[in-house]
Amino acid sequence: MPSVKYQRGEMVMGRWPGSSLYYEVKVLRYDASSQLYTVIYKDGTELELKEQDIKNAAGFQTRSRSRSRSRSPGRRRSRSRSPARTTRRSSSRTAAAVATAAITESAPTSRRDAKLKDTPEVRLSPLVMKCGKLNIIKLTTSASLLCFVLPPGAYFWLLFLPAWVLFLVLQVNLEDPSLANFPPLLPPFEAFWDAQALGFVILWVLFQVLLYILPVGKLSEGMPLRSGERLKYRTNGFFAIAVSAVAVVAAVHQGVDLTYIHSHFLQLATASLLISVLLSIYLYVRSRYAAPEQLALGGNSGNVVYDFFKGHELNPRIKDFDLKFFCEMRPGLIGWCLINFAMALAEMKEQSLNAPSYSMILVNLFQLLYVLDGLWNEEAILTTMDLMHDGFGFMLAFGDLVWVPFTYTLQAYYLVSHPNLLSLPALAAIVTLKLVGFYIFRKSNSEKNAFRRNPSDPKLSHLKTIPTATGKSLLVSGWWGVVRHPNYLGDLMMALAWSLPCGFSHLLPWHYMIYFIILLVHRDSRDMSECRRKYGSAWDEYCRTVRYRIIPRVY
Ligand SMILES: NC(=O)c1ccc[n+]([C@@H]2O[C@H](COP(=O)([O-])OP(=O)(O)OC[C@H]3O[C@@H](n4cnc5c(N)ncnc54)[C@H](OP(=O)(O)O)[C@@H]3O)[C@@H](O)[C@H]2O)c1
Ligand SMILES: CC(C)CCC[C@@H](C)[C@H]1CC[C@H]2C3=C(CC[C@]12C)[C@@]1(C)CC[C@H](O)C(C)(C)[C@@H]1CC3
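Nothing here was measured: the structure is a model prediction, and the numbers come from that model.

Notes on the overall build of the protein
- The number of helices and strands found in the protein is 19 helices and twelve strands.
- Classification of the 555 residues of the protein by burial places 54% in the buried group.
- Within the protein, residue pairs in contact and separated by at least 24 positions form 74% of the contacts whose partners lie at least 6 positions apart.
- In the structure as shown, the protein presents an accessible area of about 25,000 Å², 63% of it carried by carbon and sulfur atoms.

Listed below in structure tokens is the structure:
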């Protein structure tokens, strides 16, 4: 091969079709007519690759071979779908052909997988291309709307988000929280701070830590990590909220005045912000010492502020205590219900009512149902983007500990001093909207979760799937055949039902709805690029089959 770039016998890095992972391969030959290189992977898989899918080994991060145990996509669960397994003539397949998918029924695929269970495994080490330049940070992971930020943006969001929450908290306290009065006047610095409020927040978090570590409830397995390992999570969230509810009711019964939460909302928000900042500093420092396979693919730009913001370590743990899982599912989420309940008591006190208003009851019950459902199906969170791909840094720590409890509760806070009477038909319509939204949300999330956990589940055998080159399949009928994110559709319908009880006099109780539309539209497009990167043309095939993203025939 005199005039070609890579020579026979040369060891280079070959991209695995449909992914951005590169594996060490040996060049076997070059075909001048098709301009394809035939390469052999260490597990014996032969593929034909284009020149642009081959790189010199020098451009790759070195990784400890003994630690990085990820398997070649061709050797994962569904090995039959790797090129080497789909045909005996493994050497004659092109990368493009590998990634091309056909729609099949899921059951036969699983039988094929079962047959291959005894095949001896060869483990390969995928390497990620170095991206030293900050402007080429890949938009690969999720967590929130803000992942698209490049380092200069991180400085902005880092300051803007906390300020925004504090502004909202000050705004909702105004008699007339209309846009004309935004931004609210800043109170003196001391007004933000209360040591007792900090003490209460710490106590609440510690109480949740205690409930989390109790050996009660199921130990669930997370999705396989890049190393092939599966972490265990104590999924006892429902137990935690039940015990918390009993403790709160008992405290109220003993005379504890929960309306303190309403009157000290600003100080509680500042205290939680302080805790989230300290936690993020700890997370950043420990991520500097973490082994490469413990890191998320994002958040490793080398820019301190960006990495601090985005999060670097994928599953930071203290022994078995998983910090990301705990923060996402416990203090903020359960705290959200506690705050809503306190707002209902504050409304009764402020408006001298014997019972909370219908609007307040709806907001409380709707959001309680959402949280209870999340905790009841806690295992399902293990297949979401945040848990699987995102590093744990300021964005999620702040999101979980400050954003959720202090902005998701704005509707309830607003109703305390801005009553909104609901007619019976309006009430019935809102309840119907919530229930339909909830049904779509729950069914679609459960369907995907069940499929990801066990693709050969007999209950799912009626569903059509698209195989992909990575070994995972994509659902193409059922809920995931209606739109590409049916769970977002249900979630948005529920969000609408949470704001409607507050009426249309002010924009503030619509904050969640507006933020959520932006968040989900952005999450959807990020997920689209991520899935296209992972699944290549199989994803394009899915998108051709399921044309709409969130709302059928609209978007
Ligand atoms: N209330 C809130 O503040 C809030 C905020 C954000 C999200 N949420 C909710 O949280 C839940 C989780 O959301 P998420 O953003 O993590 O996204 P998700 O929709 O649960 O997960 C997306 C992932 O699902 C897999 N997938 C996509 N299409 C598929 C198909 N056709 N068949 C099989 N698997 C498919 C892909 O991952 P793999 O292929 O790698 O498995 C994709 O990356 C949603 O219900 C969302 O509404 C709530
Ligand atoms: C502006 C930012 C700081 C945005 C931060 C985003 C986070 C607050 C969210 C990202 C993923 C979200 C999420 C839930 C809560 C909010 C987030 C952490 C969730 C735990 C709410 C209960 C649901 O049932 C859920 C478990 C599906 C959900 C999962 C995703």
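On we go from here.
Some thoughts on a nonpolar patch on the surface
- Side chains of Leu179, Leu507, Ile514, Ile517, Ile518, Val521, Ile551, Val554 and Tyr555 sit close together on the surface and give an oily, nonpolar patch of about 780 Å² of accessible area.
- With respect to the helices, strands and loops of the structure, isoleucine 517 is situated in helix α18 (residues 511–535).

Side note on the site of ligand 1
- Taken together, 27 residues lie near ligand 1, and Tyr408, Arg452, Tyr488, Asp491 and Tyr535 sit nearest.
- Histidine 485 is positioned such that a nitrogen or oxygen atom in its side chain is 3.0 Å from an oxygen atom of ligand 1.
- With respect to ligand 1, the side chain of asparagine 487 contributes an N or O atom lying 2.9 Å from an oxygen atom.
- For ligand 1, whose accessible area on its own is 910 Å², the fraction buried by protein is 93%.

Observations concerning the nonpolar core
- With 105 residues, the main nonpolar core has Ile261 and Met343 as its most contacted residues.
- Leaving out residues up to four positions away in the same chain, isoleucine 261 has contacts with Leu268, Leu338, Ile339, Ala342 and Met343.
- Residues Ile466, Leu474, Val476 and Tyr542 belong to the second largest nonpolar core, which totals 16 residues.

Some points on the packing of aromatic side chains
- Taken as a whole and assessed by the stated rule, the structure comprises 39 aromatic pairs.
- On the basis of an interplanar angle of 80 degrees and a centroid distance of 5.2 Å, the ring pair of phenylalanine 200 and tyrosine 260 is categorised as edge-to-face. One end of the pair, phenylalanine 200, is in helix α5 (residues 195–213); the other, tyrosine 260, is in helix α7 (residues 260–263), and 60 residues separate them in sequence.
- With a centroid separation of 5.8 Å and 50 degrees between ring planes, the pair formed by tyrosine 408 and tyrosine 515 is classed as tilted. In this pair, tyrosine 408 is assigned in the loop between α14 (394–407) and α15 (410–417) and tyrosine 515 in helix α18, connecting sequence segments 107 residues apart. Here the two residues tyrosine 408 and tyrosine 515 agree in accessibility, since each one is buried.
- Against the face of tyrosine 233 rests arginine 317, its NZ or CZ located 4.8 Å from the ring centre.

Let's talk about the packing of α5 against helix α11 (residues 331–350)
- Across the interface, α5 lies against α11 with an axial gap of 10 Å and an inter-helix angle of 120 degrees. The chirality of how α5 crosses α11 is right-handed. Together, Trp204, Val205 and Gln208 of α5 and Pro331, Ile334, Gly335 and Leu338 of α11 make up the contact between the two elements.

Observations concerning the pairing of strand β11 (residues 464–467)
- Examined bridge by bridge, β11 and strand β12 (residues 473–475) share three bridges and lie antiparallel to one another. Across the sheet, residue proline 467 finds its bridge partner in β12, namely serine 473.
- Hairpin connection of β11 to β12: five residues between the antiparallel strands, including glycine 471 at a positive phi of 105 degrees.

Some remarks on the pattern of salt bridges
- Evaluated as defined, the whole model comprises 13 salt bridges.
- For arginine 523, the salt bridge goes to aspartate 386, with nearest N and O atoms at 2.7 Å. Of this pair, arginine 523 sits in helix α18 while aspartate 386 is found in helix α13 (residues 385–389), placing the two residues 137 residues apart along the sequence. Of the two residues, arginine 523 and aspartate 386, neither departs from the other in class, the shared state being buried.
- Salt bridges sharing common partners tie together Glu221, Arg230 and Lys232.

Thoughts on the UniProt feature "transmembrane region" (unreviewed entry) in the protein
- Following the UniProt record, one finds the feature "transmembrane region" (unreviewed entry) at residues 143–171, 191–214, 235–253, 265–285, 396–416, 422–441, 462–483 and 495–521.
- Annotated as residues 265–285, this span is 100% helix and 0% strand, and its ends, taken at the C-alpha atoms, are 30 Å apart.
- Secondary structure content for residues 422–441 is 90% helix and 0% strand, and the end C-alpha separation is 26 Å.

Here's the deal with the environment of leucine 278
- By secondary structure assignment, the location of leucine 278 is in helix α8 (residues 265–288).
- On the basis of relative accessible area, leucine 278 is assigned to the exposed category, the value being 52%.
- Sequence separation of leucine 278 and leucine 231 is 47 residues, and the distance between their C-alpha atoms is 25 Å.

Side note on the packing of helix α17 (residues 486–499) against α18
- For the pair α17 and α18, the least separation of the axes is 9 Å and the interaxial angle reads 170 degrees. With respect to their mutual orientation, α17 and α18 come out roughly antiparallel. Between α17 and α18, the residues in contact are Tyr488, Asp491, Leu492, Ala495, Leu496, Trp498 and Ser499 and Tyr512, Met513, Phe516, Ile517, Leu520, Arg523 and Asp524, respectively.
- For the contact of α17 with α18, the per-class residue count stands at ten nonpolar, one polar and three charged.

Conventions used here
Residues numbered from 1 in each chain as written. Chains lettered and ligands numbered in written order. Predicted model: local features only at pLDDT ≥ 70, side-chain atom pairs only at ≥ 80, totals over all residues. Heavy atoms only, no water. Helix = DSSP H or I, 4+ residues; strand = E, 2+ residues; numbered from the N terminus. Buried < 20%, exposed > 50% of the residue type's maximum accessible area, 1.4 Å probe, protein only. Contact = heavy atoms within 4.5 Å. Areas by Shrake-Rupley, 256 points an atom, 1.4 Å probe, with all protein chains shown as cover. Patch = residues over 30% accessible without salt bridge, like charges linked within 9 Å, V, L, I, M, F, W, Y side chains within 5 Å. Salt bridge = Lys/Arg side-chain N within 4 Å of Asp/Glu carboxyl O. Near = heavy atom within 4 Å. Polar contact = N/O pair within 3.5 Å; in protein donor to acceptor, adjacent residues only side chain to side chain. Core = buried A, V, L, I, M, F, W, Y, C linked by side-chain atoms within 4.5 Å. Phe/Tyr/Trp six-rings, centres within 6.5 Å; stacked < 30°, edge-to-face > 60°. Lys NZ or Arg CZ within 6 Å of the ring centre and 35° of its normal. Axes fitted to C-alpha atoms, helices over the stretch in contact; angles between N-to-C directions. Left-handed = near helix turned anticlockwise from the far one by under 90°. Pairing = 2+ DSSP bridges. UniProt positions renumbered as here; feature names shortened; annotations may be inferred. Parallel < 35°, antiparallel > 145°, perpendicular 65-115°, else oblique. Nonpolar A, V, L, I, M, F, W, Y, C, P; charged D, E, K, R; others polar.

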